[in-house]
Structures are given as C-alpha cells and as structure tokens.
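Close look at the chain arrangement
For reference, the chains in residue letters:
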Amino acid sequence: MNVDIHQSWKPYLQAEFEKPYFKDLADFVKSEYKTYKCFPKGSDIFNAFNHCTFNDVKVVIIGQDPYHGVGQANGLCFSVNDGINHPPSLINIFKEIEQDLGIDYPQSGNLMPWADQGVLLLNATLTVRAHQAASHQNKGWEQFTDVVIKTISDEKSNVVFLLWGGFAKKKKKLIDTSKNFVLETGHPSPLSANRGYWFGNKHFSKTNSQLEQVGSSVIEWKL
C-alpha cells in the first residue's frame, strides 16, 4: 500500500507510518487488494487527507467503514462517486440539510466539495473487502485514525467535530473540548433516524454558526 498522503499531514503523521502496527496494516491491505476486490480503489484510500489539507481542517465528520458495494466508496466517509445511487444514510444527511438550511436535495452524492472547503470526511477504517462490511476492522486502521483525530485536536483549535451515532461518540475522549467544539447526535442510518435520533439536529447550521463565531469562513453545504 502506497501512503499517498498530502504533504501537509506528513509532519504530524510520518512517525505513525514508521511504526510496526502500520507496517503490518500496509502489508495486510496490500495482500487483500491483491487477493480480493476491495474498496475504495487504491489511489483513493487517502482521499480524505488529499482533499482536505491539515492546515484547512475546520470540521471533522467521523464515519466507520467505507461502502462495500461496487463503485460506491471514494475515500470520503458517507460520500459516493458521481452517478451512484445515494445510500440510506446519505439520503438522510441530505434531507436534514434540506430542512436545516432550505437547500435543494442534490443530484450527486459526491461530498468532495465539502472536503475541498476544510471538512475532513474521515472513516475510522479506510478500506473494506467488497460486499463484506467491517472486513478490514481491527487491523490497525482505527489506531491510525484515532491518532489523526487526537492530532487535529491537539495541534489546532476551533475545529468542529461532528459525532454521529454511538461509534463516533466514543471518539469524544480523543478531543480537547476546551478549545474545539463537539456536536453529537444519532446516526443518519434509517434505523436511528426513523426512531427520532437524527432529524432536527441542525448540525449544519450549528457548525457554520460556530465557525462564524471564531472568524472562520463558513462551509457551503450546497453541492
């Protein structure tokens, strides 16, 4: 696995790449991609970092696992490639944005424009075997992405962390809430959303309000 990651992250993460666990992880990923169909494609594994440089990070959204259907995953959590049907969680994200900001439901589910504005769309696990959810969990990715979250929290301030669902909320312990903002709600999946844990959270307007308060430019959520 080539660690094809934007230069701006290297001073903070280079030490991780040298650690034994990461070398084992890289060997595992290389072998999986050689033996099985895996997602996202190799060149997209670090897309979240390549479209959102370290200096630009203003918002962090934490997902769990890449989509495991053909053509879906593009290296950004909750995001799918252009022309791909929107998965249920993404549909609920867009519906909440519609309600919260009065923005029309978008055609494309590709969240690249958010990333390019400083939204780090970080899955805890960056790869997956086709049609096998969670197949690359507990191989080292979570250790790496926990370091990413903690590093952003330690090295920056006034970053808005959006924690959606039980898995993401566990990451709160990595975040210094005295100098960063945390917004928590249920997961946008239908299971959670249909039980009243997602809709009405207004995280998109609240994020922009927090950014405004500290003099940062707001996110244009419209795709």
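This text follows the structure it describes.
Residues numbered from 1 in each chain as written. Predicted model: local features only at pLDDT ≥ 70, side-chain atom pairs only at ≥ 80, totals over all residues. Heavy atoms only, no water.

1. Focus: the packing of helix α2 (residues 20–35) against helix α6 (residues 141–155)
It is the contact of α2 with α6, at a shortest axis distance of 9 Å, that shows an interaxial angle of 125 degrees. In terms of their interaxial angle, α2 and α6 are classed as oblique. The hand of the α2/α6 crossing is left-handed. Contacts between α2 and α6 pair Tyr 21, Phe 22, Leu 25 and Val 29 from the former with Trp 141, Gln 143 and Phe 144 from the latter. Tallied by class, residues from the contact of α2 with α6 come to six nonpolar, one polar and no charged. (Axes fitted to C-alpha atoms, helices over the stretch in contact; angles between N-to-C directions. Helix = DSSP H or I, 4+ residues; strand = E, 2+ residues; numbered from the N terminus. Parallel < 35°, antiparallel > 145°, perpendicular 65-115°, else oblique. Left-handed = near helix turned anticlockwise from the far one by under 90°. Contact = heavy atoms within 4.5 Å. Nonpolar A, V, L, I, M, F, W, Y, C, P; charged D, E, K, R; others polar.)

2. Concerning α6
Given 3.6 residues per helical turn, the α-helix brings residues three or four places apart onto the same face. End to end, α6 covers 21 Å across 15 residues, agreeing with the expected 21 Å (1.5 Å per residue, within 8%). Taken together, the buried positions of α6 are Trp 141, Glu 142, Phe 144, Thr 145, Val 148, Ile 149, Thr 151, Ile 152 and Ser 153. (Expected span 1.5 Å × (residues − 1). Buried < 20%, exposed > 50% of the residue type's maximum accessible area, 1.4 Å probe, protein only.)

3. Details of unusual backbone geometry
Residue Pro 40 is bonded to the preceding Phe 39 through a cis peptide linkage, with omega at -10 degrees. With respect to the secondary-structure elements, Pro 40 resides in the loop between β1 (38–39) and α3 (47–51). The phi angle at His 131 is positive, at roughly 60 degrees, despite the residue not being glycine. In this fold, His 131 is placed in the loop between β4 (128–129) and α6. Of note in the backbone geometry, Asn 138 takes a positive phi value of approximately 60 degrees without being a glycine.

4. Quick look at the packing of aromatic side chains
Tallied over the entire structure, the rule returns 20 aromatic pairs. Judged by centre distance (6.5 Å) and plane angle (85 degrees), the rings of Phe 46 and Phe 144 are edge-to-face. Linking Phe 46 in the loop between β1 and α3 with Phe 144 in helix α6, this pair joins segments that are 98 residues apart in sequence. The residues Phe 46 and Phe 144 share a single accessibility class, namely buried. Centre to centre, the rings of Trp 164 and Trp 198 are 4.9 Å apart; their planes meet at 80 degrees, and the pair counts as edge-to-face. Of this pair, Trp 164 sits in strand β5 (residues 160–164) while Trp 198 is found in the loop between α8 (190–193) and α9 (203–213), placing the two residues 34 residues apart along the sequence. Among the aromatic residues, those joined into a cluster by ring pairs are Trp 9, Tyr 12, Phe 17, Tyr 21, Phe 22, Phe 46, Phe 49, Phe 54, Trp 141 and Phe 144. (Phe/Tyr/Trp six-rings, centres within 6.5 Å; stacked < 30°, edge-to-face > 60°.)

5. Considering the layout of surface pockets
Empty space within the largest pocket amounts to approximately 340 Å³. Taken together, 19 residues make up the lining of the largest pocket; nearest its centre are Gln 64, Asp 65, Pro 66, Tyr 67 and His 187. Residues of the lining of the largest pocket, tallied by class, amount to eight nonpolar, ten polar and one charged. (1 Å grid on protein atoms, 1.4 Å probe; cavity = no way out; pocket = protein on both sides within 12 Å on 5 of 7 lines; lining within 4 Å. Points joined across faces, edges and corners; volume = space filled by probe spheres on them.)

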